[in-house]
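Summary of the model geometry
Chain residues, written in single-letter form:
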Amino acid sequence: MTWTSIFIAGLITYFTRMGMITLIDKDIFSENFRKILNYVPSVVFPSIIFPGVLLDDYGSLVTILDPKIYGALTAITVGYFSRNVILTIISGLASYWLLIFVL
Amino acid sequence: MLSKLQIFKLGFFDVAPHLLSVVPFGIIFGAIGIELGFDPIMTYATSLIIFGGASQIVFLQLLSGGASSLIAITSVAVINSRHLLYGAVLSEYLDKLSLIKKLFISYFIVDQGFAVSNIYLKKNSEQNFNYYHLMGSGIVLWFCWQIATIIGIFLGSIVPDELGLKFAIPLTFIAIIINELRKLDHLIVMIVSGLSATFFYNAPFKSYILISPLIGLFAAYLILKIKK
């Protein structure tokens, strides 16, 4: 079942890459549709980030003292000023581990 | 006049700085796949067959959380729909190529490769074989992503569970969208989708992953309307 899903997901992904280059006339996209597509990352990724930080493994809200909240805030602050992908992830993980293991 | 190989190398060198983020991201992905309970071959297969980092993480995360295949596949389609934009832009430069070449190059179109090669193609639109730049950047990224996934799979097997590596998932996505935080319209859309996802998290079949982006896109649509 999982293997079938991987192949289907792969085929669809390949189609998103190949479709506009070989099959579809690129003018079928209206200007408005393109503008909306620009927002796709900004709607998809927060849908994973927020629950990943604000909810626990059982789907309940975490408390304001949860290390994940401070890890995420550190990552956002460091990322905002450094514009560096790796520094963002590492600072978030480091502060999270610091709270879990040291404090 | 540059030769094919020279243009290919240009693509390679232009995209090289991006490897600093692609390689660790690939390692994190491999480790997360194992952490989520998938076997090494399956985790690696997503890198070969889907070959889209963020979508691979979401795909495995949803399946491991009990989402249906339909939800997991649809999420991959939504996340990777941005390639349609890249294709629309690139099709102009790849117009004269044979179908086989177009089909081959398509497989290697990824964010970072598109970003650097699009700049080159714009400046050198009249040059012969300019698409070798896209192949150079794309193939290098592909190769490094494959190797990084394999390294991550090995590391994931030795990293203890107590480290809570799953938390790297939201952090990785924060890193991906951090630059959009600077734009007010994107920031509003992000908060709307993020809060919706948290609210609808317990909806059946993990459908929050489709519901909340739709709510976010509706917010984006309203913002575009108001801007006009």
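Residues numbered from 1 in each chain as written. Chains lettered and ligands numbered in written order. Predicted model: local features only at pLDDT ≥ 70, side-chain atom pairs only at ≥ 80, totals over all residues.

1. A closer look at the overall build of chain B
Summing up its helical and strand segments, chain B has twelve helices and zero strands in all. Helices (α) and strands (β) of chain B occur, in sequence order from the N terminus, as α-α-α-α-α-α-α-α-α-α-α-α. Computed over C-alpha atoms, the radius of gyration of chain B comes to 19 Å, within 12% of the 17 Å expected from 2.2 N^0.38 for 228 residues, which places it in the range of a compact globule. Considering only C-alpha atoms, chain B reaches an extent of 60 × 55 × 30 Å along its principal axes. (Helix = DSSP H or I, 4+ residues; strand = E, 2+ residues; numbered from the N terminus. Rg over C-alpha atoms; globule rule 2.2 N^0.38 Å.)

2. Focus on the overall build of chain A
Check the secondary structure of chain A and you find five helices and zero strands. For chain A, the N- to C-terminal ordering of α and β elements is α-α-α-α-α. A compact globule built from 103 residues would reach a C-alpha radius of gyration of about 13 Å, whereas chain A, at 19 Å, exceeds it by more than 25%. Judged by the C-alpha coordinates and their principal axes, chain A covers about 60 × 40 × 25 Å.

3. Section: unusual backbone geometry
Residues and elements named next belong to chain B. With a phi close to 50 degrees, Phe51 is a non-glycine residue in the positive phi region. For Phe51, the position within the fold is in the loop between α3 (40–49) and α4 (53–64). Backbone geometry at Phe129 places phi at a positive 60 degrees, although glycine is not the residue there. If you trace the backbone, Phe129 turns up in the loop between α8 (111–123) and α9 (131–158).

4. Some thoughts on the interface of chain A and chain B
Taken residue by residue, the interface counts 58 residues in chain A and 72 residues in chain B. Of all the secondary-structure elements, those providing two or more residues to the side of chain A that touches chain B are α1 (2–23), α2 (31–37), α3 (40–54), α4 (67–82) and α5 (85–102) of chain A. The leading source of residues in the side of chain A that touches chain B is α1(A), at 17 residues. Partitioned by chemical class, the residues of the side of chain A that touches chain B number 37 nonpolar, 15 polar and six charged. (Contact = placed C-beta atoms within 7 Å. Nonpolar A, V, L, I, M, F, W, Y, C, P; charged D, E, K, R; others polar.)

5. Overview of the domain arrangement of chain B
Residue and element names in this part refer to chain B. Per the domain assignment, the segments making up chain B are domain 1 (4–163) and domain 2 (183–228). Each of domain 1 and domain 2 has a C-alpha centre, and the two are 26 Å apart. Domain 1 puts nine residues into the contact, and the matching count from domain 2 is six residues. With four residues, helix α5 (residues 69–80) is the largest single contributor of residues to the side of domain 1 that touches domain 2. Looking at the side of domain 1 that touches domain 2 residue by residue, the class counts come to four nonpolar, five polar and no charged. (Domains from an automatic or database assignment.)

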